[in-house]
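Chain residues, written in single-letter form:
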Amino acid sequence: MGNVTIRINGYEYSMKKGITILDASFETMKFKREFLNQPIPTLYYLKGVMDIDESGVCVAEANGEIVNASTTRIQDGMEIQTRTPAVIAARKEALAKILAQHNKSCLTCLRSTSCELQELLHEYGFTDEPELPEEKIELLDLSSKVLVRDNNKCIRCKRCINVCAKMQAVSAIAATGSGLDTVIAPASPAGLAAANCVNCGQCVAVCPVGALTEKDQTEEVKKALEDPDKYVVVQVAPAVRAALGEDFEFPIGVDVEGRIAEALHRMGFDKVYDTKFGADLTIMEEGNELVNRIQNDGVLPMITSCCPGWVKYAEHFYPDMLENISTCKSPHQMQGAIVKSYIAQKEGIPKEKIVMVSVMPCTAKKFEITRDDEAGAGLPDVDIVITTNELAKLLKDAEIQLEAMNPVSKFDSPLGLGSGAAVIFGASGGVMEAALRTVASVVLNGKGTPPLEFTAVRGMNGIKEASVDLGGRKVNVAVTSGLANANALLTKIKSGEADYQFVEIMACPGGCVNGGGQPHQPAAVRAMKNVPEERAAALYRNDESNDLRQSHENPEIKALYKDYLDKPGSAKAHELLHTTYVVR
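As a starting point, this report considers the structure included with it. What you see is a predicted model, and the numbers here were worked out from it, not measured in a lab. (Residues numbered from 1 in each chain as written. Predicted model: local features only at pLDDT ≥ 70, side-chain atom pairs only at ≥ 80, totals over all residues. Heavy atoms only, no water.)

Let us now look at the overall build of the protein. The secondary structure content of the protein amounts to 19 helices and 17 strands. Relative to the compact-globule value of 25 Å for 584 residues, the protein shows a C-alpha radius of gyration of 25 Å, a close match. Seen along its three principal axes, the alpha-carbon backbone of the protein occupies a region of about 75 × 55 × 50 Å. When the 584 residues of the protein are sorted by exposure, 59% land in the buried category. Of the contacts made within the protein by residues no fewer than 6 positions apart, 74% connect residues no fewer than 24 positions apart. Only carbon and sulfur atoms are counted for the fraction: they give 50% of the accessible area of the protein, which is about 23500 Å². Averaging the coordinates of the 62 positive side-chain charges in the protein and doing the same for the 77 negative ones gives two points 2 Å apart. (Helix = DSSP H or I, 4+ residues; strand = E, 2+ residues; numbered from the N terminus. Rg over C-alpha atoms; globule rule 2.2 N^0.38 Å. Buried < 20%, exposed > 50% of the residue type's maximum accessible area, 1.4 Å probe, protein only. Contact = heavy atoms within 4.5 Å. Areas by Shrake-Rupley, 256 points an atom, 1.4 Å probe, with all protein chains shown as cover. Lys, Arg positive; Asp, Glu negative; His and termini not counted. Charge placed at Lys NZ, Arg CZ, Asp CG, Glu CD.)

A few words now on the pairing of strand 17 (residues 502–506). Counting buried residues in strand 17 gives five out of five residues, a clear majority hidden from the surface. The alternating pattern of strand 17 places Phe502, Glu504 and Met506 on one face and Val503 and Ile505 on the opposite face, and all of these are buried. Sheet topology places strand 12 (residues 302–303) next to strand 17; two bridges connect them, and they run parallel. Residue pairing across strands places Met302 opposite Phe502, the latter belonging to strand 17. (Pairing = 2+ DSSP bridges.)

If a probe the size of a water molecule is rolled over the atoms, the empty space left behind becomes visible. When its volume is computed, the second largest pocket comes out at roughly 540 Å³. Considering the residues around the second largest pocket, the lining is formed by 27 residues, among which Lys47, Met167, Asn514, Arg526 and Pro532 are closest to the centre. At the level of elements, helix 4 (159–167), helix 5 (202–206), helix 15 (483–495), helix 16 (523–528) and helix 17 (531–544) are the ones that each hand at least two residues to the lining of the second largest pocket. (1 Å grid on protein atoms, 1.4 Å probe; cavity = no way out; pocket = protein on both sides within 12 Å on 5 of 7 lines; lining within 4 Å. Points joined across faces, edges and corners; volume = space filled by probe spheres on them.)

Turning next to empty space enclosed by the protein. This structure, assessed with the given rule, holds five cavities of 30 Å³ or more. Looking at the largest cavity, it is lined by 26 residues, and the ones nearest its centre are Cys306, Pro361, Lys365, Met506 and Cys512. Sorting the residues of the lining of the largest cavity by element identifies helix 9 (308–317), helix 10 (331–347) and helix 11 (364–368) as the ones contributing at least two each. The residue makeup of the lining of the largest cavity, split by class, is 19 nonpolar, six polar and one charged. Each pocket or cavity is described by its volume, and for the second largest cavity that value is around 120 Å³. If you trace the second largest cavity, you find 15 residues lining it, with Cys154, Cys160, Cys207, Ala211 and Leu212 closest to the centre. Class assignment of the residues belonging to the lining of the second largest cavity gives a composition of 11 nonpolar, one polar and three charged. (Nonpolar A, V, L, I, M, F, W, Y, C, P; charged D, E, K, R; others polar.)

What follows is about the environment of Val291. Considering the arrangement of structural elements, one finds Val291 in helix 8 (residues 276–295). What makes Val291 buried here is its relative accessible area of 14%. On a C-alpha basis, the gap between Val291 and Val442 in space is 8.8 Å, while along the polypeptide they are 151 residues apart.

Let's shift gears to the sheet that holds strand 2 (residues 11–16). Ordered by their spatial adjacency, five strands build an open sheet running 2-1-5-3-4, and the pairing between neighbours is mixed. Pairing within the sheet leaves two strands with one partner each, and these edge strands are strand 2 and strand 4 (65–68). Averaged over all pairs of adjacent strands, the angle between strand axes in this sheet comes to 40°, irrespective of strand direction. Where strand 3 (residues 59–62) meets strand 5 (residues 79–81), two bridges bridge the pair, whose relative direction is antiparallel. When the sheet's bridge partners are listed, Ala62 is paired in strand 5 with Ile80. Strand contacts of helix 1 (residues 21–28): strand 1 (3–8), strand 2, strand 3, strand 4 and strand 5, with the helix running at about 110° to strand 2, the strand carrying the most contacts. Of the strands in this sheet, strand 3, strand 4 and strand 5 touch helix 2 (residues 85–99), which is tilted by about 155° from strand 3. (Axes fitted to C-alpha atoms, helices over the stretch in contact; angles between N-to-C directions.)

A word on the state of the cysteines. One way to say it: the disulfide is the covalent bond shared by the sulfur atoms of two cysteines. In total, this model carries zero disulfides according to the counting rule given. We note that Cys58 lacks a disulfide partner, and the nearest cysteine sulfur, in Cys157, lies 13 Å from it. Not engaged in a disulfide, the cysteine Cys197 finds its nearest cysteine sulfur in Cys203; these two sulfurs lie 6.2 Å apart. Overall, Cys197 belongs to the buried group, its relative accessible area being 9%. (Disulfide = S-S within 2.5 Å.)

Our next topic: the nonpolar core. Leu43, Leu95, Leu117, Ile173, Trp310 and Val477 are the most contacted members of the largest nonpolar core, which totals 87 residues. No other element matches helix 14 (residues 430–444), which puts seven residues into this core. (Core = buried A, V, L, I, M, F, W, Y, C linked by side-chain atoms within 4.5 Å.)

Turning our eyes to something else, we now look at helix 17. Spanning 14 residues, helix 17 covers 20 Å between terminal C-alpha atoms, matching the ideal 20 Å at 1.5 Å per step. All of the buried residues along helix 17 are Val531, Pro532, Arg535, Ala536, Ala538, Leu539, Tyr540, Asn542 and Asp543. (Expected span 1.5 Å × (residues − 1).)

Tracing the chain through its elements places Lys312 in helix 9. An unpaired buried charge is present at Lys312: no salt bridge exists, and Glu315, the closest side chain of opposite charge, is 6.7 Å distant. A distance of 2.9 Å separates a polar atom in the side chain of Lys312 from a polar atom in the side chain of His316. Those residues in contact with Lys312 that lie beyond four places of it in its chain are Cys197, Val198, Asn199, Phe367 and Arg584. (Salt bridge = Lys/Arg side-chain N within 4 Å of Asp/Glu carboxyl O. Polar contact = N/O pair within 3.5 Å; in protein donor to acceptor, adjacent residues only side chain to side chain.)

In structure tokens form, the structure reads like this:
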């Protein structure tokens, strides 16, 4: 398309013809020399979700005229100013209008310090603004077991509506009206819980303020830790280690696995386990199930069951395909069931005293623990789920500095050892690759060397397809993330257009690394970086550096089957590790 020459704040730049002034400002932010960085604030814009920012904050002066930077395209010779008195006045006027309808409970808001509005208010000098009149305060929507919707903080950006409709194909949230008179509300008047919400939390992930948050359970964790009659166990999902550092000013994509282990020990948990063990256990059961289905004409394609957002989506929108979903519980549920049965018996702890806490990148896990048939030992497999963000809050409340923790600390064993195959569960394609590593070994049964890496299923593409040779039999597989992509893939399967034997589906685009409970990154960062990809890269580096890279080679997994479960798919394994689904 060619380039044009523009000037921003007196500095000359060569930029691609046809891009917006906002896009040009993002391009300047990539220069290492700070004086060449020319940021323009956004509040509604989010790359891939909301391409137009009508907040009134995203403005600049182009050839002497105040314009919307997200809609105005650059032209050759254009003179752009981003901080003239007129521009500053326009932004402050827009912020004042938004703030006039915003509840200012910043001190108690879960998004305090990671709120895009709060950052702008600090920057533009808003300090002591009046609170909303009591008659304007709306009741919170607490109908969901997972999410809290606070319309008093909503700034009408419509990010939540767009992500729910365009990327997740759910449309649990809708809007009426326009501008600051827009009303954002669930599609059902009974609240989010009645609106076919699948609890994926992508609305939480994209909300720039605290209008949508996970239900905070940190106080429940503190109460359990303070109870001398409770034996409090915690486990940490793979994707958490690739993102928690961001809440402590680590760069994106830094693996803080060992630091998490030490921090949780310091908090006083009786045992600190790694959900990588549960992931390896899932592969043993799921791989066995896949081989049985292929060899015995079972229902195909078999679809992964690790993601509770996807499972609930299927229960709402694809009830005729529930038999395709693996009966395996998700990794943290399996691990909870083993803690309350095998570990309780092994260590002589009454299972009723055990409190199982899961640290997850996912808000849907909060719903999953309330499902029926998730109580393998006769008690809920998991008692409390907190997100990565909630763990950060707990650590900060306890004045534990993550950067001061030992980076090579270990989780407790048994149930603390996991393979490299397990850690990549957190990235789209990771479950598929982990399963193929083990299934290939089982099928070949020592006749040849199975491949260790299946790179065709990696990456952030919405739908990935591959054919894998398993002992002379071709197996067609597909991987998808984001429920709109899943919807497209399932449509192809149902129409007969696609023929797969094994399918991985994750609700969140990019997989668990981009879960609804992960640290928030502002729009400017997401415009310049592929955040899920950088987090996923940390998991693949973890896998590559691990001496143990196949789930079935995990010695703790082998010991569990030898001492307790007998073999994958046994009656005991089904009692503890498998589940059922319902039509909603």
